[in-house]
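Tertiary structure, described
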Amino acid sequence: MMRTIDVNEAIDNNPFGRFQWSVVALCALLLIVDGYDVFVAGTVLPTLIAEWGLTKPQAGALQAWALFGMMFGALAFGSLADKIGRKKGIAISFVLFTASTLLTGFASSPDQFKIFRFIAGLGCGGLMPNAVALMNEYAPKRLRSTIVALMFSGYSVGGMVAAGLGIGMIPQYGWKPMFFIAALPLLMLPLVLWKLPESLGFLIRQGQQEKARRIYAKIDPSARGNDDMLVFTETKGASASVAELFRHQRTLRTLMLWVAFFCCLLLVYLLSSWLPKVLQEAGYAERASLVSLFSLNFGGMVGAIAGGWLGDRFGLPKVVVGFFVAAALSIALIGFNLPAGLLFLTIFIAGATTIGTQILLYASVAQLYNLSVRSTGLGWASGVGRIGAIVGPTLGGVLLAQQLPLQQNFLIFAIPAAVSALAMLVFAISNARRVDAVLLAAA
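Rules behind the numbers
Residues numbered from 1 in each chain as written. Predicted model: local features only at pLDDT ≥ 70, side-chain atom pairs only at ≥ 80, totals over all residues. Heavy atoms only, no water. pLDDT = per-residue confidence, 0-100. Helix = DSSP H or I, 4+ residues; strand = E, 2+ residues; numbered from the N terminus. 1 Å grid on protein atoms, 1.4 Å probe; cavity = no way out; pocket = protein on both sides within 12 Å on 5 of 7 lines; lining within 4 Å. Points joined across faces, edges and corners; volume = space filled by probe spheres on them. Nonpolar A, V, L, I, M, F, W, Y, C, P; charged D, E, K, R; others polar. Patch = residues over 30% accessible without salt bridge, like charges linked within 9 Å, V, L, I, M, F, W, Y side chains within 5 Å. Areas by Shrake-Rupley, 256 points an atom, 1.4 Å probe, with all protein chains shown as cover. Salt bridge = Lys/Arg side-chain N within 4 Å of Asp/Glu carboxyl O. Lys, Arg positive; Asp, Glu negative; His and termini not counted. Charge placed at Lys NZ, Arg CZ, Asp CG, Glu CD. Phe/Tyr/Trp six-rings, centres within 6.5 Å; stacked < 30°, edge-to-face > 60°. Buried < 20%, exposed > 50% of the residue type's maximum accessible area, 1.4 Å probe, protein only. Expected span 1.5 Å × (residues − 1). Contact = heavy atoms within 4.5 Å.

**Examining the confidence of the model for the chain**
In the predicted model, the chain carries a mean pLDDT of 87, and 98% of its residues have values of at least 70. When mean pLDDT is compared element by element in the chain, helix 13 (residues 316-334) scores highest at 95, while helix 3 (residues 56-84) scores lowest at 84.

Rendered as C-alpha cells:
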C-alpha cells in the first residue's frame, strides 16, 4: 500500500542517524576550507603591509575585496540554489573559491591580489547560506540549532588552521605558500559530488520522487523499496522572492536580523583582519599576535557549539542577546593592556560571542523562514552582513591610521556589539509576541 510521507515530520520524529551525520561531516569539511580561505588574509596582512608598502587604509581596502565578492556571492548563490538545487550551488561555490585562493598565491601586485580575492569571495559567500539551508533541512527540529552550530564550527576550525600554519610558515617561507595550500581541498570535490545529498524539499518540488525516495530510505531504512509518495509541507504558495521575507508579519524581525548580521560581520572581519597587526604595534611579538587569531577562532568554535546547545534549550533569541552583551564587554576590555594570559582569554570570549554568534544568527534566519524562501532569506541576511564585513576592515584601517590610544580603539570596536544586542532584543520580543499570537489563534 502506498503511503504519503511528510519528510519534514519524518525527519523530526526519526533518530538522527549515520546518513545525517555524514551530511554534518561533509558540510563541516567544506566550512573548514571556507574558514581557512576567509581568515588566511588576516594572517598575511602584516607581511603584505611591509612587502608592498601599504598604508593602513589601503590594507583595509585590500581585505575588503574578498568581502565584496562574498556579498555578491551570498545574494546570487542563495537565490540561484533555490532554482538549481543546494548541491549544485555548493559545488560551484567550492570550486570557485578554492581555485581563486590558489591563484592568489601568484599575485605580484595589490591589484592582482584584489581580483583573485574578489572571485574567491564570490564562492565563499555562496557556500555558507547553502550549507546552512541544507543542514537545517536534514536536522530534526529538536537538535537543529546544535547540529547547524556543530557543522558551522568547521568555519572556526579553518580560521585556527590558518593562524596555526601562519605561525609556522610566514616567518620562514613568506605569505605565498599560505595560498598555495588551498589546492589540496580541490581533491575533496569528487567526494562532495558523490556523497553530499541534494535537498529533499528541492527534489520533491521538482517532481523527482524517485531520487527523493532513494535519499529518504537512507534516513528511514524501513521505507526502502516502497513506492511512498513524499511530500514537503512547506512547499505551498510562497515564491522565492525578497518581498516574501517581509510578509506574514516578518518585517520587523527581518530588519532586526539584518542589523544584527551587519554589525556582527563587521566585528568578525574587523577583528580577524586587524587584531594581529594592532597587537604587534602594541608591542606583542609576531607569534603572540598570530596566537591571538587562533584564540579568536577557537573561541568561535566553542561559542558556536555552546550557543547552539543553549539555543535548543532556552531559545536562540535569548542566547544571542546574551552573547552580544558579552561581546561588547570583552572587546572593550582587550584595549586595557592586559597580561598575556588574560588577553588571550578575553580574545577567546570575544571570538565565542562574535564568530560563534554569527553562526547562531544563521540558525535564527533558517528558523524564521519556511523552506521555499529559506535560501533567499539566508542569502539576503548574509548579503547585508557582508556589507558590514566590507565596512569592518576598511573602518579598522581608517581608525588605526588616526593613531588613537589602544583603549579608545577597542571601546569604538565594542559599539557594533552593543547595537546588535539591542537589535536582537527587539527581535526576541517581537518573536515571542508572534508565537503567543499563533498559540492564541490556535486555541
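**Digging into the layout of surface pockets**
Gaps left between atoms are located by rolling a probe of water-molecule size over the structure's atoms. Its boundaries defined by the atoms lining it, the largest pocket holds a volume of some 900 Å³. Lining the largest pocket are 36 residues; nearest its centre among them are K141, Q367, L368, N431 and V435. If you list the elements that add at least two residues to the lining of the largest pocket, you get helix 1 (7-13), helix 5 (110-138), helix 6 (144-173), helix 12 (286-314), helix 13, helix 14 (340-368), helix 15 (371-401) and helix 17 (415-442). Tallying contributions element by element places helix 17 first for the lining of the largest pocket, with eight residues. Grouping the constituent residues of the lining of the largest pocket by class yields 14 nonpolar, 11 polar and 11 charged. In terms of lining, the second largest pocket is formed by 17 residues, of which the most central are K87, L196, P197, E198 and I215. If you list the elements that add at least two residues to the lining of the second largest pocket, you get helix 2 (18-52), helix 4 (86-104), helix 8 (189-195), helix 9 (200-205) and helix 10 (209-219). Here the element with the most residues in the lining of the second largest pocket is helix 10; it accounts for four residues.

**Some points on a positive patch on the surface**
A cluster of basic residues, K88, K195, K211, R214, K218 and R224, forms a positive patch at the surface. Ranked by the residues each element gives to the positive patch, the list is headed by helix 10, at three residues. Structurally, R214 is set in helix 10.

**Let's talk about a nonpolar patch on the surface**
Side chains of L29, L191 and W194 sit close together on the surface and give an oily, nonpolar patch of about 320 Å² of accessible area. Position of L191 among the secondary structure elements: in helix 8.

**Some words on the packing of aromatic side chains**
On inspection of all chains with the given rule, the structure shows 18 aromatic pairs. Ring centres of F72 and F118 lie 6.2 Å apart, and the angle between their planes is 65°; this geometry places the pair in the edge-to-face category. Remark: F118 occurs in helix 5 and F72 occurs in helix 3; sequence separation between them is 46 residues. On the basis of relative accessibility, which here comes to 40%, the residue F72 falls in the partly exposed class. Taking the relative accessible area as the measure of exposure, F118 reaches 23% and is therefore partly exposed. Seen from their ring centres, W175 and F179 are 5.8 Å apart, and the 80° between their planes marks the pair as edge-to-face. The same class applies to W175 and to F179, which are both buried.

**Notes on empty space enclosed by the protein**
Applying the stated rule across the entire model yields one cavity of 30 Å³ or more. In this structure, the largest cavity encloses a volume near 110 Å³. Along the wall of the largest cavity there are 14 residues; nearest its centre are V38, A41, L67, R117 and Y269. At the level of secondary structure, the elements contributing two or more residues to the lining of the largest cavity comprise helix 2, helix 3, helix 5 and helix 11 (251-281). Here the lining of the largest cavity takes five residues from helix 2, the largest share from any one element. Looking at side-chain class alone, the lining of the largest cavity contains eight nonpolar, four polar and two charged residues.

**Here we look at helix 15**
Between the first and last C-alpha of helix 15 there are 45 Å, a value that for 31 residues agrees with the 45 Å anticipated at 1.5 Å per step. With 24 of 31 residues buried, helix 15 lies mostly within the body of the structure. The first or second residue beyond helix 15 is Q403, which carries a positive phi of 60°.

**Topic: the environment of T4**
By the secondary structure assignment, T4 is in strand 1 (residues 4-6). It is 38 Å that separates the C-alpha atoms of T4 and V95, two residues lying 91 residues apart in sequence.

**Quick word on the environment of V365**
Following the sequence through the fold, V365 ends up in helix 14. V365 sits in the buried class, given a relative accessible area of 1%. For the pair V365 and L257, spaced 108 residues apart in sequence, the C-alpha separation works out to 7.5 Å. When neighbours within four sequence positions are excluded, V365 is seen to be in contact with L257, F261, G377, L378 and A381.

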